[in-house]
Amino acid sequence: MTEFSLRPARTSDITGIHRLLEPLVERRILLGKDLAILYGAAQEFIVAEVGGELIGCGALHVMWEDLGEVRTLLVREDFLHLGIGRAIVEALERRALDLGLSRLFCLTFETGFFTRRGFEPIGEHIVDPDVYSQLLRSGDAGVEEFLDLAHVKPNTLGNTRMLKHLASSSAG
């Protein structure tokens, strides 16, 4: 078993996160993110490392009072299937609970992975109309994907919108 450690990202990790992201962007698995966007979200990230080398990451983005999104979850290909992705998601869930969130959203091709973590596919309307109208104003691409807006459909083709209720799964 490979020994890895998790920690909150630092701004000095952002170029490494960008490098990890690039091969997946080229294969159209994840959407590209500009460095300015990644730096602006540095505090949202958890990174996994082995011997000081970044091998994975994931971010928690707060979308609403009770709702967050798991974003930019990735593990370097040569470190897949070692529990690193699971550990990152678990760390993000703990962070979500600490923030008072009770639901986590993700948009993913990896439905099996997220199903094993307790996520379920969702329909279109999971927030009430007032919240929906407020979220429309965010201007955040991930929020627009969550809302399933028509102009982001080309970005989300083949992806599944999934949700996990944290309150019912955190009793332990």
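Our subject is the structure listed above.
Read on for a plain summary of the structure. Bear in mind that the values here come from a model prediction, so they are computed numbers and not experimental data.

**Focus: the packing of aromatic side chains**
Right, on to step 1. In this structure the tally under the stated criterion is 2 aromatic pairs.
Right, on to step 2. Centre to centre, the rings of Phe-113 and Phe-114 are 5.1 Å apart; their planes meet at 85 degrees, and the pair counts as edge-to-face. The pair Phe-113 / Phe-114 is uniform in exposure class, with both members buried.
Right, on to step 3. With 5.1 Å between their ring centres and 80 degrees between their planes, Phe-114 and Phe-119 make a pair best called edge-to-face. Taken individually, Phe-114 and Phe-119 each receive the classification buried, so the pair is uniform in this respect.
Right, on to step 4. Joined through ring pairs, the aromatic side chains of Phe-113, Phe-114 and Phe-119 make up one cluster.
Right, on to step 5. Sitting over the ring of Phe-113, Arg-117 keeps its end group 4.6 Å from the ring centre.

**Some details on the nonpolar core**
If you look at soluble globular proteins, the nonpolar side chains tend to sit buried side by side.
Right, on to step 1. Within the largest apolar cluster, 22 residues are counted, with the highest numbers of intra-cluster contacts made by Val-70, Leu-73, Ile-84, Ile-88, Leu-104, Phe-114 and Phe-119.
Right, on to step 2. Looking at this core, the elements with two or more residues in it are strand 2 (45–50), strand 3 (53–64), strand 4 (67–75), helix 3 (84–99), strand 5 (103–108) and helix 4 (111–116).
Right, on to step 3. No other element matches helix 3, which puts 6 residues into this core.
Right, on to step 4. Phe-119 has contacts with Val-70, Val-89, Glu-93, Leu-104, Phe-105, Cys-106, Phe-114, Met-162, Leu-163 and Lys-164, leaving out every residue within four places of it along the chain.
Right, on to step 5. Counting residues in each nonpolar core, the second largest holds 15 residues, with Leu-20, Ala-41, Ala-59 and Leu-74 among its members.

**Quick look at the pairing of strand 3**
Right, on to step 1. Most of strand 3 sits inside the fold, with 9 of its 12 residues counted as buried.
Right, on to step 2. The pairing of strand 2 with strand 3 spans 6 bridges and is classified as antiparallel. Note on strand 3: the bridge partner recorded for Val-47 is Cys-57.
Right, on to step 3. The antiparallel pairing of strand 2 with strand 3 creates a hairpin that spans 2 residues between the two strands, and Gly-51 there sits at a positive phi of about 55 degrees.

**Remarks on the sheet that holds strand 1 (residues 5–8)**
Right, on to step 1. With mixed pairing, the 7 strands of this open sheet are ordered in space as 1-2-3-4-5-7-6. In the strand order of this sheet, the two ends are held by strand 1 and strand 6 (120–121), each with one partner.
Right, on to step 2. Examined bridge by bridge, strand 6 and strand 7 (residues 160–165) share 2 bridges and lie antiparallel to one another. Looking at the pairing, Glu-120 lines up with Leu-163 of strand 7.
Right, on to step 3. Lying over the sheet, helix 1 (residues 14–26) contacts strand 2, strand 3 and strand 4, oriented at roughly 90 degrees with respect to strand 3.
Right, on to step 4. Strands strand 1, strand 2, strand 3, strand 4, strand 5 and strand 7 of the sheet are contacted by helix 3, whose axis makes an angle of about 30 degrees with strand 3.

**Some points on helix 1**
Right, on to step 1. Its 13 residues place the ends of helix 1 18 Å apart at the C-alpha level, agreeing with the 18 Å of an ideal helix rising 1.5 Å per residue.
Right, on to step 2. Among the residues of helix 1, those classed as buried are Ile-14, Gly-16, Ile-17, His-18, Leu-20, Leu-21 and Leu-24.
Right, on to step 3. As for helix 1, its buried residues are in contact with helix 2 (35–40), strand 2, strand 3 and strand 4.
Right, on to step 4. Remark: Arg-28 follows helix 1 within two positions and exhibits a positive phi of approximately 60 degrees.

Calculation rules
Residues numbered from 1 in each chain as written. Predicted model: local features only at pLDDT ≥ 70, side-chain atom pairs only at ≥ 80, totals over all residues. Heavy atoms only, no water. Phe/Tyr/Trp six-rings, centres within 6.5 Å; stacked < 30°, edge-to-face > 60°. Buried < 20%, exposed > 50% of the residue type's maximum accessible area, 1.4 Å probe, protein only. Lys NZ or Arg CZ within 6 Å of the ring centre and 35° of its normal. Core = buried A, V, L, I, M, F, W, Y, C linked by side-chain atoms within 4.5 Å. Helix = DSSP H or I, 4+ residues; strand = E, 2+ residues; numbered from the N terminus. Contact = heavy atoms within 4.5 Å. Pairing = 2+ DSSP bridges. Axes fitted to C-alpha atoms, helices over the stretch in contact; angles between N-to-C directions. Expected span 1.5 Å × (residues − 1).

Everything listed here is a matter of coordinates, which is why it stays silent on function.
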